[in-house]
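Below are the chains, spelled out letter by letter.
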Amino acid sequence: MLIIILRWIAVLALAFIAGKLMAKIKMPSILGWLIVGMIFGPHAINLMPQIVLSAGWYKTIIMWMQCAFGVMLGSELIWSKLKTSGKALVLTTLAQSLGTFAVVSLAFGIIFAFTKVPIYLAFVFGGIALATAPAPALSIVNEFHAKGPVTDTLLPMTILDDVVGIAVFFTVNSLIARAASGGSLPLYMIPVMIFLPVLIGVVVGFPTGLLLKKAKGKAANLAVLLGGITATMVIGWLLNTYLLSGVTLNYMLMGVSFSAVFSNMITSEQLEDINRYFAPILGISLLTAIVDLGAPLDYHLILGAGLYTFIYIAARAFGKYFGAKCGATFTHMSDTVRKYLGLTLLPHSGVSLVFTGIICSTLASAPELVQIVQGTIAAAAVINEFIAVIAAKKGFELAGEIKKV
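Numbering of residues starts from 1 in each chain and follows the order in which that chain's sequence is written. Only residues with pLDDT of 70 or above have their local features reported here, since the model is predicted, and side-chain atom pairs are shown and tallied only from 80 upward, although totals for entire chains, interfaces and linings are computed over all residues. Side-chain numbers here rest on the full set of heavy atoms in the structure, without hydrogens or water.

### A look at the overall build of the protein chain
Summing up its helical and strand segments, the protein chain has 17 helices and 0 strands in all. Here the radius of gyration uses the C-alpha set of atoms, whereas the globule reference equals 2.2 Å times the residue count to the power 0.38. Taken over C-alpha atoms, the radius of gyration comes to 20 Å for the protein chain, in line with the 22 Å a tight globule of 405 residues would show. Each of the three principal axes of the protein chain carries a C-alpha extent, and together these read 65 × 55 × 50 Å. For the protein chain, the residues scored as buried account for 56% of the 405 residues in total. Note on contacts: a residue pair qualifies if any of its non-hydrogen atoms lie within 4.5 Å across the two residues. For the protein chain, contacts bridging at least 24 residues in sequence account for 82% of all contacts bridging at least 6. Entry remark: accessible area of the protein chain is about 17,100 Å², with carbon and sulfur atoms responsible for 71%. Numbering of helices and strands runs from the N terminus, with a helix taken as a DSSP run of H or I at least four residues long and a strand as a DSSP run of E at least two residues long. Only protein chains enter the accessibility calculation, which uses a 1.4 Å probe. A residue is then buried if its area is under 20% of the maximum for its type, exposed if over 50%, and partly exposed in between. Accessible surface is estimated by sampling points in the Shrake-Rupley manner with a 1.4 Å probe; for residues, cover comes only from the protein chains shown.

### Focus: a nonpolar patch on the surface
Put simply, a patch holds well-exposed residues, over 30% relative accessible area, that have no salt bridge, with like charges counted together within 9 Å and Val, Leu, Ile, Met, Phe, Trp or Tyr side chains within 5 Å. Salt bridges are defined by distance alone: a side-chain nitrogen of Lys or Arg within 4 Å of a carboxyl oxygen of Asp or Glu. A surface patch of nonpolar side chains, about 430 Å² in accessible area, is lined by Val 90, Leu 91, Leu 94, Leu 98 and Phe 330. Ranked by residues supplied to the nonpolar patch, first place goes to helix α5 (residues 79–115) with 4 residues. By the secondary structure assignment, Leu 98 is in helix α5.

### A few points about unusual backbone geometry
Positioned with a positive phi, Asn 46 is a non-glycine residue whose angle comes to about 70°. Relative to the assigned elements, Asn 46 resides in the loop between α2 (29–39) and α3 (50–53). Even without being a glycine, His 332 presents a positive backbone phi close to 60°. Mapped onto the secondary structure, His 332 falls in the loop between α14 (307–330) and α15 (335–344).

These figures capture arrangement, not role.
Below you can see the structure in the form of structure tokens.
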């Protein structure tokens with residue numbers, strides 16, 4: 001057990017070094033983290049084998065880390081700020097999310113109509129495609145201290161995008177289950193999966209806010225914050241394990257709602273101090289989450305990528321970029337948001353792999369369809385993530401929100 005933990009820590013150390021080397025050649029550190037995760041994961045050198053990725057202690061740490069980087073997002077949900085842009089934010093999120101679902105579903109629907117594949121599988125690809133993985137973009141914001149309208153729009157949008165993604169995907173999953181005669185997640189579970197994580201965060205966030213009002217100094221503020229994150233994760237794990245064992249709750253969403261509650265209860269000065277104190281822990285959380293994202297990726301799939309993979313990547317990018325542009329234009333957002341927000345929404349792989357695992361279980365009675373979905377999404381996860389990270393950084397640069405390095 002000790003040897004396994006030490007090997008995992010060694011991989012994180014190598015990822016940190018690789019990130020620094022990437023920064024030297026003017027690339028985001030996250031690319032180094034992803035590459036190390038993939039190289040030392042189960043499909044290559046295997047220093048971080050599948051037994052680690054499946055271990056209970058490892059999953060618990062990742063849950064905590066997901067809550068932790070949710071704190072960064074939640075601290076942006078200050079009611080006084082959202083009152084002026086909330087409507088525009090919601091409409092733009094719906095435009096890019098549902099637009100992506102429509103474009104990807106339509107593209108595969110046309111192809112499947114000619115290839116005799118069941119048309120309903122097109123909606124599977126649309127349902128997987130609409131969600132955005134927040135960790136890659138957040139790591140770029142954190143590394144380059146991005147500031148400006150694109151960053152201010154992206155951070156709360158990733159939260160709303162996650163909610164829309166869960167609702168649409170699990171609705172599609174339930175309907176597909178009936179068509180494929182497989183198992184089904186009951187429709188009533190969809191609002192549970194969205195609102196239960198939010199409720200958990202609120203329940204812990206309110207007493208945390210009260211304690212933070214009385215906390216003085218760095219140590220006290222950090223102790224209260226870390227205690228709140230841990231309590232949020234533990235409550236979520238207990239409910240997930242003993243009450244909802246058939247589904248996986250969103251721990252990032254718990255962290256977001258937890259942070260949003262206490263962030264609106266304390267002064268802006270104290271919140272700024274807490275974010276500064278928390279920055280090193282946030283950095284470690286993001287590094288760990290990205291290595292975890294890269295570890296399951298199989299580099300062999302790049303060579304085996306087929307037409308479906310490239311159609312999926314292109315259709316999803318088209319939907320995200322032009323959906324965000326149309327939404328931002330309709331709601332009269334700034335020119336930089338209209339032009340560059342879509343580029344920052346391209347990271348995807350962590351969410352896509354989770355959704356793929358769920359839908360493949362639903363399609364278990366049709367192995368030929370499982371093969372199509374797994375092959376397409378797994379290859380797309382590898383290829384898209386590297387393209388998306390570079391595109392996201394370029395989007396922030398073109399918007400003038402990080403310095404060109």
